Amino acid sequence: FWGGVPMGPPDVILGITEAYKRDTDPKKVNLGVGAYRDDAGKPHILPSVRKAEENLFNRHMNHEYAPIAGDATFTNAVAKLALGEDSPALRNKTNCTVQSLSGTGALRLGLEFVTKHYGGVKELWLPNPTWGNHPQICNMISLPHKKYRYYDPKTHGFDLNGACEDITKMPEGSIILLHACAHNPTGVDPKPEEWKQLSQVIKDQKVLPFFDMAYQGFATGNVDNDAFAVRLFEKEGHHIMLAQSFAKNMGLYGERVGALTFLCPDQETAAKMMSQVKIMIRTIYSNPAINGARIVSEILNNPELNQMWLSDVKEMADRIISMRKELRDGIEGRGNPQKWNHITDQIGMFCYTGLKPNQVERLTKEFHIYLTKDGRISVAGISSKNVDYVAEAIHKVTS
Ligand code: LMR
């Protein structure tokens, strides 16, 4: 029956972790997947998360089903975290927010909702480049996707003119995917003024913005600053869609906890949207997992834990910033002929190094350093223990 099933390729990001695990060399370094490591190179459990887990354990909670859309203490808190205290949608209750299976689940649910219910042009515009899973999700649900200009390899920066030009050519009513902050893979975000221009062009073109916010807190170390674009777009009247993930900013990778939000024109539309999203959820996973959502909810709804979490996030963001500096110094200090300022100019978890595929291959084959083929490195995987080794290896393959 299954003889016609072809072998699929390994995942472009998670496949790297599989290869890394198979490598037995003690010097090996995994800079592939975007997962935070502490300075000893170990997975990091945030102190605020630990405390939340203790609180939950001591409450001896049951394991009943969550509501289909997730618990309201969770969905209200996460919507507020993204949209802010002054959000008109939250004030007027015109948002439709559901718990999702982390960021990927939110994207999938949101885009599948588009294929079924969206009245505009069912076509998604992705930044070039973007996270490898974005096009894959579209392919899986037969949603056409195209690229708009985003990253300029010449400047290692954001191509504002190219992006605006491409947006003006998008069919009215199509959908644009925007990385809310800490763009993956480039680490290049529009500046506030540039977001304002983007908002205007997107509005003029009547395009629907879908924000993917997987790194709130990782760009600047401050969750409110990192929500700038999302909050600006709401203020400017966009009915955005929003995918949130708590994998990175709470270190809850394996808990798979996130949220999907639609900002709707009125309460009645929000209620109709909610009824339809619930039907979709019910047929995919019935209702969401409770543990991760309880942790997130405990942190966001308990003022003391919330404060603790904000400093936990900042600590992670700061460690990454210091590793960027050490890596750059390590490469430049060896007299490397190329420019490496983009390592410290870029923000968030990733550095888009500009390494060519053959250089990436050498890093992996000769130095046991694992990274994606496009030259992206997860700076979160660098520590004071391996930074010198990584700098030496990058220097060697580029000079
Ligand atoms: C990444 O880009 O490395 C992360 O978002 C992890 C993933 O699921 O790909």
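Residues numbered from 1 in each chain as written. Predicted model: local features only at pLDDT ≥ 70, side-chain atom pairs only at ≥ 80, totals over all residues.

### A word on the overall build of the chain
Right, so step 1: Counting its regular elements, the chain contains 16 helices and 13 strands.
Right, so step 2: Relative to the compact-globule value of 21 Å for 399 residues, the chain shows a C-alpha radius of gyration of 21 Å, a close match.
Right, so step 3: Across the 399 residues in the chain, those meeting the buried criterion constitute 46%.
Right, so step 4: A sequence separation of at least 24 residues applies to 76% of the contacts in the chain between residues at least 6 apart. (Helix = DSSP H or I, 4+ residues; strand = E, 2+ residues; numbered from the N terminus. Rg over C-alpha atoms; globule rule 2.2 N^0.38 Å. Buried ≥ 20, exposed ≤ 12 C-beta atoms within 10 Å, placed from the backbone. Contact = placed C-beta atoms within 7 Å.)

### A look at the domain arrangement of the chain
Right, so step 1: Considered domain by domain, the chain is made up of domain 1 (14–45 + 316–398) and domain 2 (65–301).
Right, so step 2: When each unit is reduced to the centre of its C-alpha atoms, the spacing between domain 1 and domain 2 is 28 Å.
Right, so step 3: Listed as interface residues are 18 residues of domain 1 and, on the opposing side, 18 residues of domain 2.
Right, so step 4: Mapped onto the side of domain 1 that touches domain 2, the elements with two or more residues apiece are helix H13 (303–332), helix H14 (341–345) and strand S11 (350–352).
Right, so step 5: Looking at which element gives the most residues to the side of domain 1 that touches domain 2, the answer is S11, with three residues.
Right, so step 6: Class assignment for the residues of the side of domain 1 that touches domain 2 results in nine nonpolar, five polar and four charged. (Domains from an automatic or database assignment. Nonpolar A, V, L, I, M, F, W, Y, C, P; charged D, E, K, R; others polar.)

### Regarding the sheet that holds strand S8 (residues 208–213)
Right, so step 1: Strand order in this open sheet of seven strands is S2-S10-S9-S8-S7-S3-S4, and the pairing throughout is mixed. Two strands in the sheet have a free side with no partner beyond their single neighbour: strand S2 (95–101) and strand S4 (145–149). Neighbour-to-neighbour, the strand axes of this sheet turn through a mean angle of 25°, independent of strand direction.
Right, so step 2: The pairing of S2 with strand S10 (residues 257–263) spans seven bridges and is antiparallel. (Pairing = 2+ DSSP bridges. Axes fitted to C-alpha atoms, helices over the stretch in contact; angles between N-to-C directions.)

### What about helix H11 (residues 267–284)?
Right, so step 1: For H11, built from 18 residues, the straight-helix expectation of 26 Å at 1.5 Å per residue is met to within 8% by its first-to-last C-alpha distance of 26 Å.
Right, so step 2: For H11, the complete set of buried residues consists of Ala270, Val277 and Ile281. Along the axis of H11, the buried residues cluster in a sector spanning 45°; they form a single face. Across from the buried face of H11, at angles greater than 90 degrees, the exposed residues are Glu268, Ser275, Ile279, Arg282 and Thr283.
Right, so step 3: Contacts from the buried residues of H11 go to S2 and helix H5 (102–117). (Expected span 1.5 Å × (residues − 1). Arc of directions from axis to C-beta.)

### Re the site of the ligand
Right, so step 1: Taken together, Ile13, Val33, Gly34, Trp131, Asn133 and Asn184 are the residues near the ligand.
Right, so step 2: Grouping the amino acids of the shell around the ligand by side-chain chemistry returns three nonpolar, three polar and no charged. (Near = placed C-beta within 6 Å.)

### Here's the deal with the packing of helix H12 (residues 291–301) against H13
Right, so step 1: Put simply, H12 and H13 touch, their axes get as near as 5 Å, and they point 100° apart. In terms of their interaxial angle, H12 and H13 are classed as roughly perpendicular. In this structure, H12 uses Glu298, Ile299 and Leu300 to contact H13, whose residues at the interface are Leu305, Asn306 and Trp309.
Right, so step 2: Considering only residue class, the contact of H12 with H13 consists of four nonpolar, one polar and one charged. (Parallel < 35°, antiparallel > 145°, perpendicular 65-115°, else oblique.)

### Some words on helix H7 (residues 160–168)
Right, so step 1: Within the sequence span of H7, burial applies to Ala163, Asp166 and Ile167. Axial view of H7: buried residues confined to an arc of 100°, hence all on one face. Facing away from the buried side of H7, by more than 90 degrees, are the exposed residues Asn161 and Thr168.
Right, so step 2: Packed against the buried residues of H7 are S4, strand S7 (175–179) and helix H8 (192–204).

### Regarding the nonpolar core
It is characteristic of soluble globular proteins that their nonpolar side chains tend to be buried jointly.
Right, so step 1: If you look at the biggest cluster of nonpolar residues, it comprises 115 residues, and the most contacted ones within it are Ile176, Val230 and Val296.
Right, so step 2: Sorting elements by how many residues they give to this core places H13 first, with nine residues.
Right, so step 3: When neighbours within four sequence positions are excluded, isoleucine 176 is seen to be in contact with Trp125, Ile167, Met170, Ile202, Val207, Pro209 and Phe210. (Core = buried A, V, L, I, M, F, W, Y, C linked by C-beta atoms within 7 Å.)

### A look at the environment of glycine 333
Right, so step 1: Structurally, the position occupied by glycine 333 is in the loop between H13 and H14.
Right, so step 2: Taking the C-alpha atoms as reference, glycine 333 lies 9.3 Å from alanine 391; in sequence the two are 58 residues apart.

### Quick word on the confidence of the model for the chain
Right, so step 1: Scored by pLDDT, the chain has a mean of 97; 100% of the residues are at 70 or more.
Right, so step 2: Both scores are available for the predicted complex, with the pTM at 0.96 and the ipTM at 0.93. (pLDDT = per-residue confidence, 0-100.)

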